[in-house]
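Next come the chains, spelled out residue by residue.
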Amino acid sequence: MHGRPRKSLSDGGSQEKDMAKAAGLQSLQTQFFKNHHEKIYTKEALQLNAKLLEINPEIYTAWNYRKLAIKQLLESESDSAVIKQSLDEELRVPRFSSLCGEGQVERALKRNHKSYGAWHHRKWVINMGYSSLDHEFQLLDQLLKADSRNFHGWNYRRFVADMKKSRDEDELKFTTKKINENFSNYSAWHNRSAILSHMLKNKYGGISAKEQEMTEEYELVRQALFTDSEDQSGWFYHLWLLGQTIAPIGPKLEMSWPSNGSQLIIDFNEQSHAYVSDFDTPFGTDRCMFSEGIPLVLHFSEPVKGVNASTVTVSSLLLESESLVWRPISPHGLQAKTWVTLLKLPSTKFRAGETYKVQIRVADTLGIISLNGYNFTCPTALDFSLDVHTMTTIRSTGGNSVTVPLAWEADFFFPLAIDENKFPIELHLDSLSIDGSGNQENTRWQQETLDREIKVCRELLEIEMDSKWAKLTLARLLIAQDMLSGGSILRNKRMHTDEVLQLFNDLIEIDPSHAEYYKDQFSLILLDKVSSGKQNLQEYLWDSKGTGSLSNGERNKWLRLHGLSLSRLGSLEQLLWVQRLDISHNRLQSIDGLEALQLLGCLNLSHNLLANFTALGPLRQIKTLRALNIADNKIGAHTVNSTRFSFPSALNNSSISNADTTRDADEENLEISWEITIAFKGLHLRQLDIAGNPANDEKCRRLLMKTLPSLKWLDGTSVN
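Presented here is a report on the structure given in the accompanying data block.

### Some details on the overall build of the chain
Per the secondary structure count, the chain includes 20 helices and 20 strands. Within the chain, the fraction of its 720 residues that count as buried is 51%. Across the chain, every contact between residues at least 6 apart in sequence was considered, and the portion connecting residues at least 24 apart equals 68%. Of the roughly 34,100 Å² of accessible surface on the chain, a fraction of 51% belongs to carbon and sulfur atoms.

Here is the structure:
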């Protein structure tokens with residue numbers, strides 16, 4: 001790890017000796033397990049156990065056996081001196097070897113001084129409170145002198161320092177000493193970041209002291225970078241410093257839909273479904289149909305919890321008496337960046353020609369908390385209006401009225417013409433941002449720090465033109481500077497985007513072993529560029545000719561990001577207004593984050609690299625989705641479903657019952673049945689295209705039709 005090869009533990013013995021050792025180990029294990037099962041904790045039994053652990057310290061059951069023996073001692077012995085003596089003896093099991101230079105020094109984990117089991121057991125004993133912490137520090141000094149990069153030792157030192165209530169400043173001096181001895185000591189750099197994180201969180205000395213401390217840290221790590229620019233230890237610490245430099249203290253509310261001050265136009269059909277137009281977005285004249293209610297979407301700068309009726313209040317004459325229920329838009333629990341609730345709009349309360357106000361207050365009371373434990377402390381007031389134009393004048397587009405499926409082919413699209421006099425796109429996009437003054441604490445120190453570090457990277461690149469670490473860090477610094485400097489995230493023109501994209505292209509060439517990571521970063525920067533400026537975005541806005549089940553012959557607008565070689569999605573918070581999205585002909589294996597687009601009605605994912613149906617898991621949270629194209633992906637090509645580790649399985653998803661999938665288990669492939677249920681259960685798709693996927697056989701199609709009772713078109717063919 002970190003560029004250092006692992007040393008072999010083999011002593012080069014003969015096969016006969018190895019077999020003899022194995023036989024001896026087996027005999028010890030047999031006798032140990034017999035003692036364990038019979039709960040024998042005699043002195044002889046513990047000595048046998050110690051001998052076993054000296055040979056193999058990775059037997060966790062043997063360590064647990066010793067814990068049981070100690071607990072029995074504590075229950076039967078009241079003399080604290082006897083207990084202390086016994087625990088001190090326990091700390092010398094297995095005894096330390098001459099690794100640390102002295103025979104008396106606890107013979108540290110003779111076979112493997114990086115044994116997890118041994119270190120965990122030592123912590124457990126120390127936690128009893130009878131042992132000398134000064135002795136532990138002496139032990140660690142000698143261990144880290146012999147192996148200064150041993151991360152177990154550093155981790156244990158943090159544990160002992162915390163128990164002793166050692167001053168952070170003293171521990172910081174110790175890491176400085178170790179770093180000066182060897183700039184390549186990754187574990188020491190990591191320990192330094194842990195200590196400083198604790199110091200900064202407790203705000204020792206205030207903001208000015210933090211700035212001085214961070215400046216000194218940059219100077220220290222700069223020495224390491226110029227000493228060996230290809231050693232990654234210093235670069236990782238520099239990345240941590242950059243995060244501390246630009247990170248806001250606590251979560252921010254970045255985006256919302258409907259946007260603050262917007263005016264929605266609403267109509268109802270004979271089924272009381274609401275058709276809403278939002279003229280504050282590029283899709284302004286397009287109507288979006290909501291059958292269950294209008295979604296209210298809040299997007300924060302980082303995952304938060306605690307968004308509920310007490311922390312977010314919604315006021316309007318239209319609201320029923322019951323409180324609104326907010327839900328996180330995330331497959332991973334109760335914390336998310338994006339939260340949504342449904343504003344139910346009973347048509348009986350509306351009158352044509354009237355305007356109804358909706359007011360939202362965020363965080364009037366504390367309770368919205370980030371993953372790091374910071375409170376959302378920026379109370380925010382939002383409001384928008386609903387203008388009722390007509391009542392019961394729109395013919396429903398559901399049911400038997402559908403006669404033609406939606407066309408996906410490029411021939412049905414043409415560039416969108418925008419009249420700037422009637423629709424100033426940049427102004428309306430900017431209204432989606434909550435805070436026009438920006439989300440970072442923009443200080444002179446931050447700007448000066450970024451300018452200085454950018455200069456350092458450029459100087460290094462003049463010396464070593466192909467230094468991957470200098471190029472990668474320069475790209476990160478330029479991104480940070482763009483986000484920090486001047487104005488709203490949507491208004492701000494990215495000054496360094498083209499240079500950053502070129503840097504990632506260079507990295508793909510000079511560091512092919514990490515090419516996929518660089519391609520992901522390239523995709524994120526490209527999407528940020530597309531979505532954060534008028535000229536860039538307008539290039540990707542298209543009109544369709546309006547044929548198909550979701551258009552009723554009307555012209556509909558699309559955001560088309562097809563053919564950009566995207567491997568990862570990002571900046572989706574800037575696209576909350578999108579109703580129709582084309583991200584076909586890319587390299588996407590995951591669509592994580594797409595669930596934030598709560599207005600999405602039509603989605604083209606064809607010609608990507610999606611490997612299974614469960615990769616579509618985020619779509620289950622988009623209740624407005626009606627047309628989906630996943631044709632010509634890799635679904636069904638791989639027998640191993642890697643996304644099971646990213647998305648909840650049907651077995652632990654409370655929203656999916658066993659009956660949903662086992663009903664047809666005998667006649668269908670069970671694995672495909674689970675995947676289809678996970679991906680599509682609860683959706684109201686009317687059109688689905690899956691042609692060109694290996695999984696697209698008759699059994700799969702039957703399962704899809706059973707899982708999606710609302711489906712009208714499958715691969716362009718009418719479903720009866």
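This is not the end of the story, as more comes after the structure.
### Some remarks on the environment of Leu298
Turning to its location among the elements, Leu298 is positioned in strand E5 (residues 294–305). Measuring from C-alpha to C-alpha, the distance between Leu298 and Met255 comes to 6.1 Å, with 43 residues separating the pair along the chain.

### A few points about the environment of Arg327
By the element assignment, Arg327 lies in strand E7 (residues 327–328). By relative accessible area, Arg327 is classed as partly exposed at 29%. Sequence-wise, Arg327 and Trp339 are 12 residues apart; in three dimensions their C-alpha atoms are separated by 5.6 Å. Non-local contacts of Arg327, meaning those with residues more than four positions away in its chain, are made with Thr338, Trp339, Val340, Gln598, Gln621 and Lys623.

### Thoughts on the sheet that holds strand E13 (residues 541–544)
With mixed pairing, nine strands are arranged side by side in an open sheet as E12-E13-E14-E15-E16-E17-E18-E19-E20. Looking along the sheet, the strands with just one partner apiece sit at the ends: strand E12 (413–415) and strand E20 (717–718).

### Observations regarding a nonpolar patch on the surface
Nonpolar side chains collect at one region of the surface, where Tyr60, Tyr116 and Phe151 lie side by side and expose about 320 Å² of accessible area between them. Examined against the element boundaries, Tyr116 turns out to sit in helix H5 (residues 116–126).

### Topic: the pattern of salt bridges
In this structure the tally under the stated criterion is 21 salt bridges. For Glu217, the salt bridge is made with Arg192, and the minimal N-O distance between the two is 2.7 Å. Residue Glu217 is found in helix H10 (residues 206–227), and its partner Arg192 is found in helix H9 (residues 186–201); the two are separated by 25 residues along the sequence. Exposure class is identical for Glu217 and Arg192. Each is buried. Members of the salt-bridge network, linked through shared partners, are Asp141, Arg157 and Glu171.

### Some details on the packing of aromatic side chains
Taken as a whole and judged by the stated rule, the model has 16 aromatic pairs. On the basis of an interplanar angle of 65 degrees and a centroid distance of 5.4 Å, the ring pair of Phe236 and Trp469 is categorised as edge-to-face. Of the two residues, Phe236 is situated in helix H11 (residues 232–246) and Trp469 in helix H14 (residues 468–484); the sequence distance between them amounts to 233 residues. Assessed through its relative accessible area of 13%, Trp469 is described here as buried. Through pairs of rings, three or more aromatic residues link up here, namely Phe32, Phe33, Tyr41 and Tyr65. Its end group placed over the ring of Trp124, Lys67 keeps NZ or CZ at 5.6 Å from the ring centre. Over the ring of Phe413 we find Arg560; its NZ or CZ atom is 4.2 Å from the centre of that ring.

### A few points about the side chain of Gln481
Here Gln481 lies in helix H14. In this structure the side chain of Gln481 is engaged in a polar contact, spanning 2.5 Å, whose partner is the side chain of Asp451. Setting aside chain neighbours within four positions, we find Gln481 in contact with Gln447, Leu450, Asp451, Ile454 and His496.

### Comments concerning unusual backbone geometry
Cis geometry is found at the peptide bond from Trp257 to Pro258, where omega equals -5 degrees. Residue position: Pro258 is located in the loop between strand E1 (253–257) and strand E2 (263–269). In this model, Ser571 sits at a positive phi of 55 degrees, which is unusual for a non-glycine residue. Inspection of the secondary structure assignment puts Ser571 in the loop between strand E14 (556–560) and strand E15 (580–582).

### As for the nonpolar core
Phe613, Phe680 and Leu688 are the most contacted members of the largest nonpolar core, which totals 99 residues. When residues in this core are grouped by element, the largest group, nine residues, is from H14. For Leu688, the residues in contact, after removing those within four places along its chain, are Leu628, Ile630, Phe680, Leu704, Leu708, Leu711, Trp713, Leu714 and Asp715. Of all hydrophobic cores here, the second largest spans 41 residues; its members include Cys288, Leu318, Leu319 and Leu386.

### Quick look at the pairing of strand E6 (residues 312–315)
Here E6 shows a clear split, with Val312 and Val314 buried on one side and none of Thr313 and Ser315 buried on the other. In this structure, E6 lies alongside strand E9 (residues 355–362), joined through four bridges in antiparallel fashion. Bridge pairing links Ser315 to Gln359 in E9.

### Points about the side chain of Thr338
The residue Thr338 is located in strand E8 (residues 336–343) in this model. On the basis of relative accessible area, Thr338 is assigned to the buried category, the value being 4%. A distance of 2.8 Å separates a polar atom in the side chain of Thr338 from a polar atom in the side chain of His299. Setting aside residues up to four positions removed in sequence, Thr338 forms contacts with Val297, Leu298, His299, Arg327, Pro328, Ile329 and Ala596.

### Describing the packing of helix H1 (residues 15–37) against helix H3 (residues 60–76)
Where H1 contacts H3, the axes come no closer than 11 Å and their chain directions differ by 40 degrees. Taken together, the axis directions place H1 and H3 in an arrangement best described as oblique. H3 is crossed by H1, and the crossing has left-handed handedness. Packed against H1, whose contacting residues are Phe32, Phe33, Asn35 and His36, the element H3 presents Thr61, Ala62, Tyr65 and Leu68 at the interface.

### Thoughts on H5
The buried count for H5 comes to eight of 11 residues, which makes it a mostly enclosed element. Every buried residue of H5 is listed here: Gly117, Ala118, Trp119, His121, Arg122, Lys123, Val125 and Ile126. On the buried face of H5, the contacting elements are H3, helix H4 (80–90), helix H6 (133–146) and helix H7 (151–164).

### Describing the environment of Ser131
Relative to the helices and strands, Ser131 resides in the loop between H5 and H6. Along the backbone, Ser131 and Gln85 are 46 residues apart, and their C-alpha atoms lie at a distance of 8.9 Å. Every residue in contact with Ser131, bar those within four places of it in the chain, is listed here: Asp88, Leu91, Val125 and Ile126.

### A short note on the packing of helix H8 (residues 168–181) against H9
Where H8 contacts H9, the two axes come as close as 9 Å, and the packing angle between them is 160 degrees. When the interaxial angle is binned, H8 and H9 end up roughly antiparallel. At the point where H8 passes H9, the crossing takes the left-handed sense. Taking contact as the criterion, the partners of Asp168, Glu169, Glu171, Leu172, Thr175, Thr176, Lys178 and Ile179 in H8 are, on H9, Ala188, Trp189, Asn191, Arg192, Ile195, Leu196, His198 and Met199. Tallied by class, residues from the contact of H8 with H9 come to seven nonpolar, four polar and five charged.

Rules of the game
- Numbers given for residues are sequential positions, taken from 1 along each chain in its written order.
- Local features are withheld for residues below a pLDDT of 70 in this predicted model, meaning they are given only at 70 or higher, and side-chain atom pairs are given and counted only at 80 or more; totals for whole chains, interfaces and linings count all residues.
- Each side-chain value is worked out from all heavy atoms of the structure, with water and hydrogens disregarded.
- We count a stretch as a helix when DSSP gives it H or I for four or more residues in a row; a strand needs E for two or more, and each element gets its number in order from the N terminus.
- Accessibility here uses a 1.4 Å probe with only protein chains present; expressed as a share of the type maximum, an area under 20% marks a residue as buried, one over 50% as exposed, and anything in between as partly exposed.
- By definition, residues are in contact when any of their heavy atoms lie within 4.5 Å.
- With residues, only the protein chains shown are counted as cover, and all accessible areas are computed by Shrake-Rupley using a 1.4 Å probe.
- Pairing between two strands requires that DSSP report at least two bridges joining them.
- Surface patches are drawn from residues lacking salt bridges whose relative accessible area is over 30%; two like charges belong together within 9 Å, two nonpolar side chains (Val, Leu, Ile, Met, Phe, Trp, Tyr) within 5 Å.
- A carboxyl oxygen of Asp or Glu within 4 Å of a side-chain nitrogen of Lys or Arg is what we treat as a salt bridge.
- Stacked, edge-to-face and tilted labels apply to pairs of Phe, Tyr and Trp rings (six-membered ring for Trp) whose centres lie within 6.5 Å, assigned for plane angles under 30 degrees, over 60, and everything in between, in that order.
- We call a charge positioned over a ring when the NZ of a Lys or the CZ of an Arg lies within 6 Å of the ring centre and within 35 degrees of the ring normal.
- Under this definition, polar contacts are N or O atom pairs within 3.5 Å; protein pairs additionally need one hydrogen-donor-capable and one acceptor-capable atom, and for neighbouring residues in sequence, both atoms have to be side-chain atoms.
- For this analysis, a nonpolar core means a set of buried residues of the types Ala, Val, Leu, Ile, Met, Phe, Trp, Tyr and Cys, connected via side-chain atoms within 4.5 Å.
- For every element, the axis is a line fit to its C-alpha atoms; helices are fit only across the contacting stretch, and the angle between N-to-C directions ranges from 0 to 180 degrees.
- Small angles under 35 degrees read as roughly parallel and large ones over 145 as roughly antiparallel, with 65 to 115 read as roughly perpendicular and the rest as oblique.
- Crossing chirality is assigned from the near helix's rotation relative to the far helix, an anticlockwise turn below a right angle marking it left-handed and a clockwise turn marking it right-handed.
- Note on residue classes: Ala, Val, Leu, Ile, Met, Phe, Trp, Tyr, Cys and Pro are nonpolar, Asp, Glu, Lys and Arg are charged, and everything else, Gly too, is polar.

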